[in-house]
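# Examining the three-dimensional arrangement
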Amino acid sequence: AYAPADFKEILNCSSHISFNSLSEWVRYKNVIIDFEQEVSCGLRVNPAYSEVETALYDPAADGSRLGVGMEELNRAWPEGIEGLHFHALCENDSYTLERTLQALETNFDFALKQVKWVNMGGGHLMTREGYDLEHLIGLLKAFKQKHDVEVILEPGSAFAWETGVLYSTVLDLVERQGIKTAMLDCSFTCHMPDTLEMPYRPAVLGANNEVLENEKGENCYRLGGNSCLAGDFMKAYQFDHPLKAGDVIVFEDMIHYTMVKTTFFNGVQHPHIALLKQDGELRMLRSFDYNDYKSKLG
């Protein structure tokens, strides 16, 4: 939903803009007509199809607030809307996209006859090993030719896939009822909230990343975050050696959501942001201190 105070600034930055509801389009239609530069308007739709396994990330679920349903349109496409936007993928492949497009063509065939562009949103994990790029290329070309539309993709996660790690250090080791926990200088709720929200289990370099039936096995350690949240931990990982204070724990592939979803909960220190160059040089890009925390509070 666009806030009235922000809308003209958004238009100034945009060549295309998508609305999430018919009422929002009606509310801003005259603003766009009177605007000094041309902005092509689209409508986000719910294709009523998704293969997203985690409910938290499923924009096509029943009652979703994201995207206009086909029943709302009654097979009538709004005058002045030139584009159709959908976003129903989450780190999926081109075959999932193909099945989603089939649902779109079934449910919104009347819209595809009238629009100039189709934005297929994000979630296209085209940089993952084994992704069938040739299938994607053929699929997009065929869709573009069939419907005579411009095709837009937003592969945000693909740009950041496996491009950065979170580097942490063991501060202490505690044992309770036979379960050992390595206390870290990072936090899942502060620095990696997706691991708790989704939830998912981050891969740790050099550890067995499978969920263990027995958390009390040899060299098995829970990884504990340094906030006060009792659930700020990951269930035990198995290492090939006993951990000790000062050991390094590296979480793989953490940059894509970690950097944008961090919080200052508890005033926990934020990780530095650094660039490791191909020649081995480590260049510090950003460090955080108490003033960053304080400035968020006024």
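These figures come from a predicted structure and were not determined experimentally. (Residues numbered from 1 in each chain as written. Predicted model: local features only at pLDDT ≥ 70, side-chain atom pairs only at ≥ 80, totals over all residues. Heavy atoms only, no water.)

### With respect to the overall build of the protein
- A count of helical and extended segments in the protein gives eleven helices and twelve strands.
- By residue count, 42% of the 298 residues in the protein fall in the buried class.
- Taking all contacts inside the protein whose residues are at least 6 apart in sequence as the whole, residues at least 24 apart take part in 68%.
- When the accessible surface of the protein is totalled, it reaches about 17,000 Å², and 51% of it is carbon and sulfur.
- Taking the average place of the 26 positive charges on the side chains of the protein and the average place of its 44 negative ones, the gap between the two points comes to 3 Å. (Helix = DSSP H or I, 4+ residues; strand = E, 2+ residues; numbered from the N terminus. Buried < 20%, exposed > 50% of the residue type's maximum accessible area, 1.4 Å probe, protein only. Contact = heavy atoms within 4.5 Å. Areas by Shrake-Rupley, 256 points an atom, 1.4 Å probe, with all protein chains shown as cover. Lys, Arg positive; Asp, Glu negative; His and termini not counted. Charge placed at Lys NZ, Arg CZ, Asp CG, Glu CD.)

### A closer look at a nonpolar patch on the surface
- Residues Tyr-257, Met-259 and Val-260 make up a contiguous nonpolar surface patch of roughly 320 Å² in combined accessible area.
- Given the relative accessible area of 63%, Val-260 is considered exposed. (Patch = residues over 30% accessible without salt bridge, like charges linked within 9 Å, V, L, I, M, F, W, Y side chains within 5 Å. Salt bridge = Lys/Arg side-chain N within 4 Å of Asp/Glu carboxyl O.)

### Quick look at the nonpolar core
- Among the nonpolar cores identified, the biggest contains 35 residues, and Phe-19, Trp-77, Leu-84, Phe-86, Leu-97, Leu-104 and Val-118 are the most heavily contacted of them.
- At the level of elements, helix H1 (4-12), strand E1 (16-19), helix H2 (22-33), strand E2 (40-44), helix H4 (94-107), helix H5 (109-112) and helix H6 (133-147) are the ones that each hand at least two residues to this core.
- Per element, the largest residue contribution to this core is four residues, and it comes from H6.
- One finds Ala-182, Tyr-221, Met-234 and Phe-239 within the second-largest nonpolar core, a separate group that totals 18 residues. (Core = buried A, V, L, I, M, F, W, Y, C linked by side-chain atoms within 4.5 Å.)

### Remarks on H2
- Taking 1.5 Å per residue as the helical rise, H2 with its twelve residues ought to reach 16 Å, and the 16 Å between its terminal C-alpha atoms agrees with that figure.
- All of the buried residues in H2 are Glu-24, Trp-25, Tyr-28 and Ile-32. Around the axis of H2, the buried residues are gathered within 100° of arc, so they sit on the same side. Opposite the buried face of H2, at more than 90 degrees from it, the exposed residues are Val-26, Arg-27, Asn-30 and Ile-33. (Expected span 1.5 Å × (residues − 1). Arc of directions from axis to C-beta.)

### Topic: the state of the cysteines
- A full pass over the atoms with the stated rule returns zero disulfides.
- This cysteine, Cys-228, is not joined by any disulfide, and Cys-190 carries the nearest cysteine sulfur, 8.5 Å off. (Disulfide = S-S within 2.5 Å.)

### Some points on the pairing of E2
- Judged by how many residues are buried, E2 sits mostly within the fold: five of five residues are covered.
- Going residue by residue along E2, you find Ser-40, Gly-42 and Arg-44 tucked away on one face and Cys-41 and Leu-43 tucked away on the opposite face as well.
- Assessed by its sense of winding, the connection that carries the chain from E1 through H2 to E2 is right-handed.
- Pairing of E2 with strand E3 (residues 83-85), which is carried by three bridges, proceeds in the parallel orientation. Across the sheet, Gly-42 pairs through a bridge with Gly-83, a residue of E3. (Right-handed = clockwise from strand over helix to strand, strands pointing away. Pairing = 2+ DSSP bridges.)

### Quick notes on the pairing of strand E11 (residues 273-276)
- Where E11 and strand E12 (residues 282-286) come together, four bridges link them in antiparallel fashion. Looking at E12, one finds that Ala-274 is bridged to Met-284.
- Hairpin geometry of E11 and E12 is characterised by an intervening segment of five residues between the two adjacent antiparallel strands and by a positive phi of about 95° at Gly-280.

### Describing the packing of aromatic side chains
- Scanning all chains against the criterion turns up eleven aromatic pairs.
- Ring centres of Tyr-2 and Phe-7 lie 5.5 Å apart, and the angle between their planes is 65°; on these two criteria the pair is classed as edge-to-face.
- In this structure Phe-7 comes out as buried when scored by relative accessible area, which is 1%.
- With a centroid separation of 6.2 Å and an interplanar angle of 35°, the aromatic rings of Phe-108 and Phe-110 are classed as tilted.
- Here Phe-110 falls in the buried class, since its relative accessible area comes to 8%.
- Sitting over the ring of Tyr-221, Lys-180 keeps its end group 5.6 Å from the ring centre.
- Seen from the ring of Tyr-237, Arg-201 lies directly overhead, with NZ or CZ sitting 3.8 Å from the centre. (Phe/Tyr/Trp six-rings, centres within 6.5 Å; stacked < 30°, edge-to-face > 60°. Lys NZ or Arg CZ within 6 Å of the ring centre and 35° of its normal.)

### Here we look at the packing of H1 against H2
- Contact pair H1 / H2: the axes reach a minimum separation of 11 Å and the direction vectors enclose 45°. Classified by the angle their axes make, H1 and H2 are oblique. Of the two elements, H1 crosses H2, and the hand of that crossing is right-handed. Residue-level contacts link Pro-4, Phe-7, Lys-8 and Leu-11 of H1 to Tyr-28, Val-31 and Ile-32 of H2.
- For the contact of H1 with H2, the per-class residue count stands at six nonpolar, no polar and one charged. (Axes fitted to C-alpha atoms, helices over the stretch in contact; angles between N-to-C directions. Parallel < 35°, antiparallel > 145°, perpendicular 65-115°, else oblique. Left-handed = near helix turned anticlockwise from the far one by under 90°. Nonpolar A, V, L, I, M, F, W, Y, C, P; charged D, E, K, R; others polar.)

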